[in-house]
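# Structural overview
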Amino acid sequence: MKKVAVIYWSGSGNTEKMAKAMSKGVENSGNVGTLFHVSEFNIADMESFDRFAFGCPSMGCEVLEESEFEPLFTSIEELLKGKKVALFGSYGWGDGEWMRNWQDRVISFGADLFEEGLIINEVPDSEDEKKCERFGFNFAIC
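Residues numbered from 1 in each chain as written. Predicted model: local features only at pLDDT ≥ 70, side-chain atom pairs only at ≥ 80, totals over all residues. Heavy atoms only, no water.

### Here we look at the overall build of the chain
Each helix and strand in the chain was counted, giving 4 helices and 6 strands. Mapped from its N terminus to its C terminus, the chain presents α and β elements in the order β-α-β-β-α-β-α-β-β-α. Relative to a compact globule of 142 residues, whose C-alpha radius of gyration would be 14 Å, the chain shows 13 Å and is just as compact. For the chain, the spread of C-alpha atoms along the three principal axes comes to 40 × 35 × 25 Å. For the chain, buried positions account for 50% of its 142 residues. Contacts spanning at least 24 positions in sequence make up 77% of the contacts within the chain whose residues lie at least 6 apart. Surface accessibility of the chain: about 6,700 Å² in total, with carbon and sulfur atoms responsible for 48%. The average position of the 14 basic charges and that of the 25 acidic charges among the side chains of the chain differ by 7 Å. (Helix = DSSP H or I, 4+ residues; strand = E, 2+ residues; numbered from the N terminus. Rg over C-alpha atoms; globule rule 2.2 N^0.38 Å. Buried < 20%, exposed > 50% of the residue type's maximum accessible area, 1.4 Å probe, protein only. Contact = heavy atoms within 4.5 Å. Areas by Shrake-Rupley, 256 points an atom, 1.4 Å probe, with all protein chains shown as cover. Lys, Arg positive; Asp, Glu negative; His and termini not counted. Charge placed at Lys NZ, Arg CZ, Asp CG, Glu CD.)

Shown next as structure tokens:
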């Protein structure tokens, strides 16, 4: 049984909705999914999980949230080398550049990126939530 940490930051609640659906998908796969707001996760938690799903919306000029999410992510990058990692997030403008840059970053430090990051424009509707559940399910079983 795999243990998957689903770690997110959300300003408007859109990425939080995605994170909850992702976690539900992990659980539906028969694996263990643990949901963390970025403020609840710390480096000591890393050893308890096999896989990591990170969720952060696009901020400003298509960057990760800079006061909480970015510092945590930067602090654990080295520990993700060789680990299976999934990325997801919501956006309200732009074309997904923040996700492409984030994916490149994850690959550059040697993590095993799962598929392409899942992005949802604005508020996830019921179909989007199902996409998130499937993404979480597939991430947990691959």
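### Considerations on helix α1 (residues 14-28)
Helix length check: α1 (15 residues) gives 21 Å between terminal C-alpha atoms against 21 Å at 1.5 Å per residue, within 8%. Every buried residue of α1 is accounted for by Asn14, Thr15, Met18, Ala19, Ala21, Met22, Ser23, Gly25 and Val26. For α1, the secondary structure elements touched by its buried residues are β1 (3-8), β2 (32-37), β3 (51-55), β4 (84-91), β6 (118-121) and α4 (126-141). One or two residues past the end of α1 sits glycine 30, with phi positive at roughly 90°. (Expected span 1.5 Å × (residues − 1).)

### Thoughts on the pattern of salt bridges
For the coordinates displayed, the defined rule picks out 9 salt bridges. As a salt-bridge pair, lysine 130 and glutamate 127 come within 3.5 Å of each other at their nearest N and O atoms. Taken together, the positions of lysine 130 and glutamate 127, both in helix α4 and 3 residues apart, correspond to about one turn of that helix. Lysine 130 sits in the partly exposed class, given a relative accessible area of 42%. (Salt bridge = Lys/Arg side-chain N within 4 Å of Asp/Glu carboxyl O.)

### Looking at the environment of cysteine 142
Structurally, cysteine 142 is set in the segment after α4. Its relative accessible area of 38% is what places cysteine 142 among the partly exposed residues. Apart from residues no more than four positions distant in its own chain, cysteine 142 is found in contact with Lys2, Arg51, Lys84 and Phe114.

### Remarks on the pairing of β4
Along β4, 8 of the 8 residues are buried, which leaves the element largely enclosed by surrounding structure. The side-chain alternation of β4 yields two buried faces, one formed by Lys84, Ala86, Phe88 and Ser90 and the other by Val85, Leu87, Gly89 and Tyr91. Alignment of β3 against β4, held across 5 bridges, turns out to be parallel. The residue bridging phenylalanine 52 from the neighbouring strand is valine 85, located in β4. Handedness of the β-α-β unit built from β3, helix α2 (residues 69-76) and β4 comes out right-handed. Where β4 and strand β5 (residues 112-113) come together, 2 bridges link them in parallel fashion. Paired with lysine 84 across the bridge in β5 is aspartate 112. Where β4 lies against β6, 4 bridges are found, and the strand directions are parallel. Each residue of the ladder has a partner; that of tyrosine 91, found in β6, is asparagine 121. (Pairing = 2+ DSSP bridges. Right-handed = clockwise from strand over helix to strand, strands pointing away.)

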